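Fold and geometry: a report
One-letter residues, chain by chain:
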Amino acid sequence: GVQQEQDPTPKIDIWKKVMPLSLKGGLGNLISVGFYQSVGFIFAGSLPAGQLVQYLFVTRFLEQTKDLSMAPFYAKIPRFGTLFVRDREQLIRESGQAMQRSLGVFALGIAAFAVFDYAFIDWMGKELADLNPRLWLLLFGAFFAERFGSMLVQMYNLTNQVRYHTINLGVTTLILMI
């Protein structure tokens, strides 16, 4: 018969090493997304219908813009992992550029909405007729800060000293409470 070669790499219980980190990251995401989603339910009982529609419309637009703006940074994470080990100075340069691009895409999306908001409102219907600029600016600031903070946390995760669940809970709660 054919003999199989033994795997020369030592057997490490990956489950015990990876699972706690994955659970912490998952818990952090669950807390922040859960808290964010529950704010809509809280407002549903306390805001007049017109303001609730405004809030939901603006947050949905911001979510889409945020998701689009993630690409310039998150596409580079594998490269950042390599640079963390090989060249920290290059890591700082490249991650800074990716952060700027990501935040730039986000800001362009927000600027486009600010310029064309009345056209969007006419297209969507008159329920959004009196879009509150203070609400818009407050939410923009919160999402921008969340985007920036998320990228910093992602860079911190490269150190494998993950406190993501604690950071995400604290920052998200603080931003959304304001």
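Rules used throughout
- Residues numbered from 1 in each chain as written.
- Predicted model: local features only at pLDDT ≥ 70, side-chain atom pairs only at ≥ 80, totals over all residues.
- Heavy atoms only, no water.
- Phe/Tyr/Trp six-rings, centres within 6.5 Å; stacked < 30°, edge-to-face > 60°.
- Helix = DSSP H or I, 4+ residues; strand = E, 2+ residues; numbered from the N terminus.
- Buried < 20%, exposed > 50% of the residue type's maximum accessible area, 1.4 Å probe, protein only.
- Lys NZ or Arg CZ within 6 Å of the ring centre and 35° of its normal.
- Polar contact = N/O pair within 3.5 Å; in protein donor to acceptor, adjacent residues only side chain to side chain.
- Contact = heavy atoms within 4.5 Å.
- Salt bridge = Lys/Arg side-chain N within 4 Å of Asp/Glu carboxyl O.
- Expected span 1.5 Å × (residues − 1).
- Axes fitted to C-alpha atoms, helices over the stretch in contact; angles between N-to-C directions.
- Parallel < 35°, antiparallel > 145°, perpendicular 65-115°, else oblique.
- Left-handed = near helix turned anticlockwise from the far one by under 90°.
- Nonpolar A, V, L, I, M, F, W, Y, C, P; charged D, E, K, R; others polar.

**Regarding the packing of aromatic side chains**
Applying the stated criterion to the full structure yields six aromatic pairs. Between the aromatic rings of Phe106 and Phe144, the centroid separation amounts to 6.0 Å while the plane-to-plane angle is 45°, which identifies the pairing as tilted. Of this pair, Phe106 sits in helix 5 (residues 88-124) while Phe144 sits in helix 6 (residues 133-157), and the two are 38 residues apart along the sequence. The class for Phe144 is partly exposed, based on a relative accessible area of 29%. Of the aromatic side chains, those joined through ring pairs into one cluster are Phe73, Tyr74 and Phe80. Above the plane of the ring of Phe84 lies Arg88, whose end atom (NZ or CZ) is 3.8 Å from the centre.

**Some remarks on the side chain of Thr65**
Position of Thr65 among the secondary structure elements: in helix 2 (residues 49-69). Judged by its relative accessible area of 8%, Thr65 is buried. A distance of 2.9 Å separates the side chain of Thr65 from the backbone oxygen of Phe61, its partner in a polar contact. Setting aside residues up to four positions removed in sequence, Thr65 forms contacts with Phe106, Gly109 and Ile110.

**Here we look at the pattern of salt bridges**
As enumerated under the stated definition, the model contains three salt bridges in all. Glu63 is the salt-bridge partner of Lys66, the closest N and O atoms lying 3.7 Å from each other. Taken together, the residues span about one helical turn, with Lys66 and Glu63 both in helix 2 at a distance of three residues. In this structure, Arg79 engages Glu94 in a salt bridge whose closest nitrogen and oxygen atoms are separated by 2.8 Å. Residue Arg79 is located in helix 4 (residues 77-86), and its partner Glu94 is located in helix 5; the two are separated by 15 residues in the primary sequence. Arg79 gets classed as partly exposed once you look at its relative accessible area, which sits at 39%.

**Considering the environment of Gln97**
Tracing the chain through its elements places Gln97 in helix 5. According to the relative accessible area criterion, Gln97 is partly exposed, its value standing at 40%. Between the C-alpha atom of Gln97 and that of Pro72, which follows or precedes it by 25 residues, the distance is 9.1 Å.

**Focus: helix 6**
Taking 1.5 Å per residue, 25 residues should reach 36 Å; helix 6 reaches 36 Å between its end C-alpha atoms and fits that length. Among all positions in helix 6, only Trp136, Leu139, Ala142, Phe143, Arg147, Ser150, Met151, Val153 and Met155 are buried.

**A look at helix 2**
Over its 21 residues, helix 2 runs 30 Å from end to end, which matches the ideal 30 Å to within 8%, given 1.5 Å per residue. Inspection of helix 2 places Leu52, Gln54, Tyr55, Phe57, Val58, Thr59, Leu62, Glu63, Thr65, Lys66 and Ser69 among the buried residues, and these make up the whole buried set.

**Focus: the packing of helix 2 against helix 6**
Interaxial distance between helix 2 and helix 6 falls to 10 Å at its minimum, and their mutual angle equals 30°. By the criterion of interaxial angle, the relationship of helix 2 to helix 6 is roughly parallel. The chirality of how helix 2 crosses helix 6 is right-handed. Facing Gln54, Tyr55, Val58, Thr59, Phe61, Leu62, Glu63, Lys66 and Ser69 of helix 2, the residues of helix 6 in contact are Leu135, Trp136, Leu139, Phe140, Phe143, Glu146 and Arg147. In the contact of helix 2 with helix 6, the residues fall into nine nonpolar, three polar and four charged.

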